[in-house]
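Next come the chains, spelled out residue by residue.
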Amino acid sequence: MQLRYLNKVILMKGENIPQKNGELVLEYKNIKDYNVQVQNLEDEVSASVYGSNINKMLRLKSPNKLLEKFLIPKVSNKQDNISNYYISYEGFIYKISAVNSAKIDIERI
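None of these values were measured; they are calculated from a predicted model. (Residues numbered from 1 in each chain as written. Predicted model: local features only at pLDDT ≥ 70, side-chain atom pairs only at ≥ 80, totals over all residues. Heavy atoms only, no water.)

### Here we look at the overall build of the protein chain
- In terms of helices and strands, the protein chain carries two helices and six strands.
- Secondary structure elements of the protein chain, listed N to C terminal, follow the sequence β-β-α-β-α-β-β-β.
- Relative to its 109 residues, the protein chain shows a buried fraction of 32%.
- In the protein chain, 52% of the contacts between residues at least 6 apart in sequence involve partners at least 24 apart.
- Put simply, the protein chain shows about 7,100 Å² of open surface, and 47% of that area lies on carbon and sulfur atoms. (Helix = DSSP H or I, 4+ residues; strand = E, 2+ residues; numbered from the N terminus. Buried < 20%, exposed > 50% of the residue type's maximum accessible area, 1.4 Å probe, protein only. Contact = heavy atoms within 4.5 Å. Areas by Shrake-Rupley, 256 points an atom, 1.4 Å probe, with all protein chains shown as cover.)

### Observations regarding the confidence of the model for the protein chain
- With 88% of its residues at a pLDDT of 70 or more, the protein chain has an overall mean of 87.
- Per-element averaging of pLDDT across the protein chain places helix H1 (residues 44-50) at the bottom with 62 and strand S4 (residues 85-89) at the top with 95. (pLDDT = per-residue confidence, 0-100.)

### Overview of the environment of Arg59
- Secondary-structure assignment places Arg59 in strand S3 (residues 57-61).
- For Arg59, a relative accessible area of 14% corresponds to the buried category.
- Between the C-alpha atom of Arg59 and that of Val36, which follows or precedes it by 23 residues, the distance is 9.6 Å.
- A distance of 2.8 Å separates a polar atom in the side chain of Arg59 from a polar atom in the side chain of Asp105. (Polar contact = N/O pair within 3.5 Å; in protein donor to acceptor, adjacent residues only side chain to side chain.)

### Side note on the pattern of salt bridges
- All told, the structure shown has seven salt bridges when counted by the stated rule.
- Note that Asp80 is salt-bridged to Lys13, the shortest N-O span being 3.0 Å. With Asp80 in the loop between helix H2 (66-71) and S4 and Lys13 in strand S1 (residues 6-18), this residue pair connects regions lying 67 residues apart in the sequence.
- When its relative accessible area of 17% is taken as the criterion, Asp80 is described as buried.
- Given the relative accessible area of 24%, Lys13 is considered partly exposed.
- Note that Glu107 and Lys56 form a salt bridge whose closest N and O atoms lie 3.8 Å from each other. Here Glu107, found in strand S6 (residues 104-108), pairs with Lys56, found in the loop between H1 and S3; they are 51 residues apart in sequence, far enough to count as distant.
- Taking the relative accessible area as the measure of exposure, Lys56 reaches 31% and is therefore partly exposed. (Salt bridge = Lys/Arg side-chain N within 4 Å of Asp/Glu carboxyl O.)

### Quick notes on the pairing of S6
- The element S6 is extensively covered by neighbouring structure, given that four of its five residues are classed as buried.
- For S3 and S6, the ladder comprises four bridges, and the chain directions are antiparallel. Directly across from Leu58, in S6, lies its bridge partner Ile106.
- The sheet contact formed by strand S5 (residues 92-99) and S6 spans five bridges and is antiparallel. Paired with Ala98 across the strands is Asp105, a residue of S6.
- Hairpin connection, S5 to S6: the antiparallel pair is bridged by four residues. (Pairing = 2+ DSSP bridges.)

Below is the structure:
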């Protein structure tokens, strides 16, 4: 992984905060900044898995797998699930679709 291809992303955790009228509003709290390599999903396997959403999806890889190591224990966790985490990249918010030891797939909200 070449350093010149690394981009900064922010890992955030979303929390539903009740307002005075009882409506829940999702607020994001920054956890940590990470440097990652960003790739567009263009292969046929990803196209068959994600379908038309492939245009909104990106694949991330972090040096030394720091971000992957943080997110993998949260995949099947009931209290601290992966669905509570979001990634901010270039002004857009992304939800995390899939995580394994080699990559993270994210989808723009």
